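Read off the chains here:
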Amino acid sequence: MQKSYTLIFRVEIDTLFEGDGKLSLPKMEHLAMIITNLRNAGFRILIVTSGAIMLGTAKMGLPEPPTELITKQAIAAIGQADLMKYYQMFFDGFDQMVAQVLITRDVADNPVRKKNARNTLINLLEKDIIPIINENDSVSTDDIILNDNYPLTLVVARLIRPNAIVVKKQKDDKFMLVVRNNPLLAEVSEDILFQLAHKIKAGKDIAKEINFNCVTRKPISEQQIIENAPEYRLNIEMINGFPEILTTSYQES
Amino acid sequence: MQDKYWKQIPQTKIVVVKVGTSTLSYPNGKLNFQRIEKLAIVLSELQLRGRKMILVSSGAIAVGSGKLGLKSKPTETADKQALAALGQAELMKIYQKLFEAQNQKVAQVLLTRDIVDIPERRKNASNTLGALLSMNVIPVINENDTVATDEIIFGDNDTLSANVACLVNADLLVMLSDIDGLYSADPGKDPNAKIIPLIHEINSKLEKSAMGSGNSFGTGGMITKISAAKICQTQGIKVIITNGANPGILKQILEGTPTGTLFFWE
């Protein structure tokens, strides 16, 4: 039986939006294509996304995102539906179904919540539907305060134990790849990412392949990460977080 | 006699409207777009006239099933959750489209029952809803089925709608259903069964008759509606149960035309 390989794809504001705050339709379409292609290659994929506040801001005709917390929450509630509409539209174009999953950061701390959320995610993956996950800003303000979805990404990682997390970099069109059991930050091009996908499908060890294939690779030390902050901040958590993920009891399913 | 109470309904300012799956879809599970459009039109109009309208809507699972092309309703809770995640975004897309045609903005708010129990959740939810109302946006609320399975298992959002009504200090909760109101007995069995037009207090006799009235359509029968009304009673929020086949009835209700069952606390 073919082993399934689970990826969390982390989509940040600048993955989807231009500098002027407008949603980039070509960027989003390209992203949908890349992700669907990875799915077609055999990966199980989950997306953790930001963008609701940006779209809510545009919808309400505000010159820039609000700074007041309560207004941000409301704007997120307005924009989230739009965000999903665009995801749906672009993934539909590649014949890939997506679903909306809104969770709060404490989801993994409450056993019932955790089981429910996990069940939903696994069930969607089994149905070949890509879950698109965002923070439920109406009832929680954690990410909204930080303006960052990396903690949520780690919560999702705790729920489903991915083999790797991918972040699309905007600067040079590379992907940052953090692989479980492999304290290594890989920056790979789109081509390499797909080559890796095919090798995984053929049953090769992804960690070795990444070591071999990545364009640049950085052995991870916390010091280096801090020097490269903020974009490598995720890895501090990955180093600290993944072993914990692997050793604690996540066997219930 | 009941006119005295109905005359006060036009003065209500914050109104929560709850629609169940049976109102939004055909018996075969497919969406009734005409009805949803009418709902969007009437809610937008009422909002335009100065009210603050809030919609609590089920329907995500039905839409998700349709999208996957399922022939029958899923029975497993985990399947229902996945279908809800699939269908909720689609449902919002439809609401957005139909409301925006009326120049009315909507927002999606997904809540769980713990907005009642956890103060921080409660505060956040209440803040979000308050901000949306002040921005003249209609919140479209559903249960967050990903993390909670209450609605799926129990009450088709009846309880949620009552909790929301309390959260926003609503004046009125209207529950649109596939029956005309609360009956005195099972209308299918008893030819003398009549709609009770006015209720001032929920007592054990009433709860017993609801239990025996056989109104167990959808996930939520009359029992969950009575307990929703009970929640509203604690804050003096008026409740109306009526048939949602023609959503235009909301306009008549808010003009003070007696319809269905009115819970007016004394």
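In this text the structure is predicted, and so the values were computed from the model without any measurement.

1. Thoughts on the overall build of chain A
Okay, so step 1: Helices and strands together make up the secondary structure of chain A, namely 11 helices and 8 strands.
Okay, so step 2: Counting only residues that meet the buried cut, chain A has 58% of its 253 residues in that class.
Okay, so step 3: Partitioning the intrachain contacts of chain A with sequence separation of at least 6 by distance along the chain shows that 68% fall at a separation of at least 24.

2. Concerning the interface of chain B and chain A
Okay, so step 1: Between chain B and chain A, the residue contacts involve 41 residues of the former and 41 residues of the latter.
Okay, so step 2: Summed over both partners, the interface of chain B with chain A buries about 3400 Å², with 55% contributed by carbon and sulfur atoms.
Okay, so step 3: Three residues, Arg121, Thr146 and Val147 of chain B, lead the burial of chain B against chain A; their summed loss comes to 17% of the area buried on that side.
Okay, so step 4: At the junction of chain B and chain A, the tally comes to 3 salt bridges.
Okay, so step 5: Residues Glu100 of chain B and Lys59 of chain A are paired through a salt bridge, measuring 2.3 Å at the closest nitrogen-oxygen approach.

3. Concerning the packing of helix α3 (residues 52-59) of chain A against helix α4 (residues 69-92) of chain A
Axes are the key here: two packed helices are described by the angle between their axes and the distance separating the axes.
Residues and elements named next belong to chain A.
Okay, so step 1: The N-to-C vectors of α3 and α4 enclose an angle of 100°; their axes lie 6 Å apart at closest approach. Overall, the two elements α3 and α4 adopt an arrangement that is roughly perpendicular. Each of Ala52, Ile53, Leu55, Gly56, Thr57 and Lys59 in α3 lies in contact with α4, whose residues at this interface are Lys72, Ile75, Ala76, Ile78, Gly79, Gln80, Asp82, Leu83 and Tyr86.
Okay, so step 2: Residues belonging to the contact of α3 with α4 are distributed by class as follows: 8 nonpolar, 4 polar and 3 charged.

4. As for the nonpolar core
Okay, so step 1: Judged by nonpolar contacts, the single largest core of 49 residues is most densely connected at Val16, Leu111, Ile141 and Phe263 of chain B.
Okay, so step 2: Considering each element in turn, this core owes the most residues, 6 residues, to helix α8 (residues 158-167) of chain B.
Okay, so step 3: What Ile141 of chain B contacts, discounting residues up to four positions off in sequence, is Ile54, Leu55, Val56, Ser57, Val109, Leu111, Leu129, Leu160 and Val164 of chain B.
Okay, so step 4: Among the nonpolar cores identified, the runner-up in size contains 40 residues, and Tyr5, Phe9, Leu83 and Val98 of chain A belong to it.

5. A closer look at the pairing of strand β1 (residues 5-11) of chain A
All names here are of chain A.
Okay, so step 1: Where burial is concerned, most of β1 is hidden: 7 out of the 7 residues are buried.
Okay, so step 2: Covered by surrounding structure in β1 are Tyr5, Leu7, Phe9 and Val11 together with Thr6, Ile8 and Arg10, the residues of both alternating faces.
Okay, so step 3: Of the strand pairs in this sheet, β1 and strand β2 (residues 43-49) are connected by 7 bridges, and their pairing is parallel. If you follow Leu7 over to β2, its bridge partner there is Ile45.
Okay, so step 4: In the sheet, β1 pairs with strand β5 (residues 164-168) via 4 bridges, with the strands oriented parallel. Looking at β5, one finds that Arg10 is bridged to Val167.

6. Structural notes on helix α2 (residues 25-40) of chain A
All names here are of chain A.
Okay, so step 1: A rise of 1.5 Å per residue sets the reference length of α2, with its 16 residues, at 22 Å; its end C-alpha atoms lie 22 Å apart and thus fit the reference within 8%.
Okay, so step 2: Along α2, the positions that sit buried rather than exposed are Met28, Leu31, Ala32, Ile34, Ile35, Thr36, Leu38 and Arg39.
Okay, so step 3: Of the residues flanking the start of α2, the one acting as N-cap is Ser24, its side-chain oxygen 3.1 Å from the backbone nitrogen of Lys27.
Okay, so step 4: Gly42 sits one or two positions beyond α2 and adopts a positive phi of about 120°.

7. A short note on the side chain of Asn124 of chain B
Okay, so step 1: Within the fold, Asn124 of chain B resides in helix α6 (residues 119-134).
Okay, so step 2: Using a relative accessible area of 3% as the deciding quantity, one classes Asn124 of chain B as buried.
Okay, so step 3: Those residues in contact with Asn124 of chain B that lie beyond four places of it in its chain are Gln73, Ser138, Val139, Ser140 and Thr141 of chain A.

Scoring rules and cut-offs
- Residues numbered from 1 in each chain as written.
- Chains lettered and ligands numbered in written order.
- Predicted model: local features only at pLDDT ≥ 70, side-chain atom pairs only at ≥ 80, totals over all residues.
- Heavy atoms only, no water.
- Helix = DSSP H or I, 4+ residues; strand = E, 2+ residues; numbered from the N terminus.
- Buried < 20%, exposed > 50% of the residue type's maximum accessible area, 1.4 Å probe, protein only.
- Contact = heavy atoms within 4.5 Å.
- Buried area = accessible area lost by both parts, 1.4 Å probe.
- Salt bridge = Lys/Arg side-chain N within 4 Å of Asp/Glu carboxyl O.
- Axes fitted to C-alpha atoms, helices over the stretch in contact; angles between N-to-C directions.
- Parallel < 35°, antiparallel > 145°, perpendicular 65-115°, else oblique.
- Nonpolar A, V, L, I, M, F, W, Y, C, P; charged D, E, K, R; others polar.
- Core = buried A, V, L, I, M, F, W, Y, C linked by side-chain atoms within 4.5 Å.
- Pairing = 2+ DSSP bridges.
- Expected span 1.5 Å × (residues − 1).
- Polar contact = N/O pair within 3.5 Å; in protein donor to acceptor, adjacent residues only side chain to side chain.

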